[in-house]
Amino acid sequence: VSYEGYDASLGLFYAFSETLSGDLYVGPQWIDSETDVGPATVSSTASGTIYGFGLSKRFERSSLDMSVRRGAVPSGASEPLLQESLSLGYTYQVSPRLSVSVPAAIFRNETITFTGVEDEEQRIFFSTQPQLNWFVTEDLVLRASYRYQYQRFEEEGTSASSNAVF
């Protein structure tokens, strides 16, 4: 599988205040992919629009981040995926040496084929990984975290989940 992607975007960053900022970008994207299927090579070309925006709010001891993104990504199979995502993150500084963060993201992936986006290949994916960070020194951080992931294939109605402790 080979994959080449090109995009050009125009972006804007704006600080609404000392503690609130946002960003926005939009642009075109082109994707070429090739896969060897037996003796033949299957090629695929797709184009579309990428976009994203985000907000970031800082408080005295914490921060809150949110972003929405859309664009094509490689899949590892012969066809790229159209991915839309919503990400949220919260970090709290408990003390100068201890912080807690709770990121979460939900993704919706659809297969991009020769004829366009295929809804029957739609997959929903959710991931969160809360973690505790202990800053032993400026250069050394010990982390303890838990990760939960869930995915569901819409057409098949099947799902899977995983848990891990680090």
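Basis of the calculations
Residues numbered from 1 in each chain as written. Predicted model: local features only at pLDDT ≥ 70, side-chain atom pairs only at ≥ 80, totals over all residues. Heavy atoms only, no water. Core = buried A, V, L, I, M, F, W, Y, C linked by side-chain atoms within 4.5 Å. Buried < 20%, exposed > 50% of the residue type's maximum accessible area, 1.4 Å probe, protein only. Contact = heavy atoms within 4.5 Å. Helix = DSSP H or I, 4+ residues; strand = E, 2+ residues; numbered from the N terminus. Pairing = 2+ DSSP bridges. Salt bridge = Lys/Arg side-chain N within 4 Å of Asp/Glu carboxyl O.

**A word on the nonpolar core**
Stage number 1. If you look at the biggest cluster of nonpolar residues, it comprises five residues: Ile-31, Ala-46, Ala-72, Leu-82 and Ile-112.
Stage number 2. Once residues lying within four places of it in the same chain are set aside, the contact partners of Ala-72 are Tyr-3, Gln-29, Ile-31, Leu-81, Leu-82 and Ile-112.

**What about the environment of Ser-56?**
Stage number 1. As for its placement among the helices and strands, Ser-56 is situated in strand β4 (residues 40-58).
Stage number 2. Judged by its relative accessible area of 12%, Ser-56 is buried.
Stage number 3. For Ser-56 and Ala-15, which are 41 residues apart along the polypeptide, the C-alpha to C-alpha distance reads 9.4 Å.

**Overview of the pairing of strand β11 (residues 158-165)**
Stage number 1. Summarising the sheet, strand β10 (residues 141-153) and β11 pair through eight bridges and their orientation is antiparallel. Among the inter-strand pairings, Arg-152 is bridged to a residue of β11, identified as Ser-159.
Stage number 2. Hairpin connection from β10 to β11: four residues lie between these consecutive antiparallel strands, with Gly-157 at a positive phi of about 70°.

**Side note on the pattern of salt bridges**
Stage number 1. Scanning the model with the defined rule gives five salt bridges in all.
Stage number 2. Between Glu-84 and Arg-108 there is a salt bridge, with its nearest N and O atoms 3.3 Å apart. With a gap of 24 residues between them, Glu-84 in strand β6 (residues 81-95) and Arg-108 in strand β7 (residues 98-113) connect regions that are remote in the sequence.
Stage number 3. Judged by relative accessible area, Arg-108 falls into the partly exposed class, the value being 30%.
Stage number 4. Here the salt bridges share partners, and the residues they tie into one network are Arg-70, Glu-84, Arg-108 and Glu-110.

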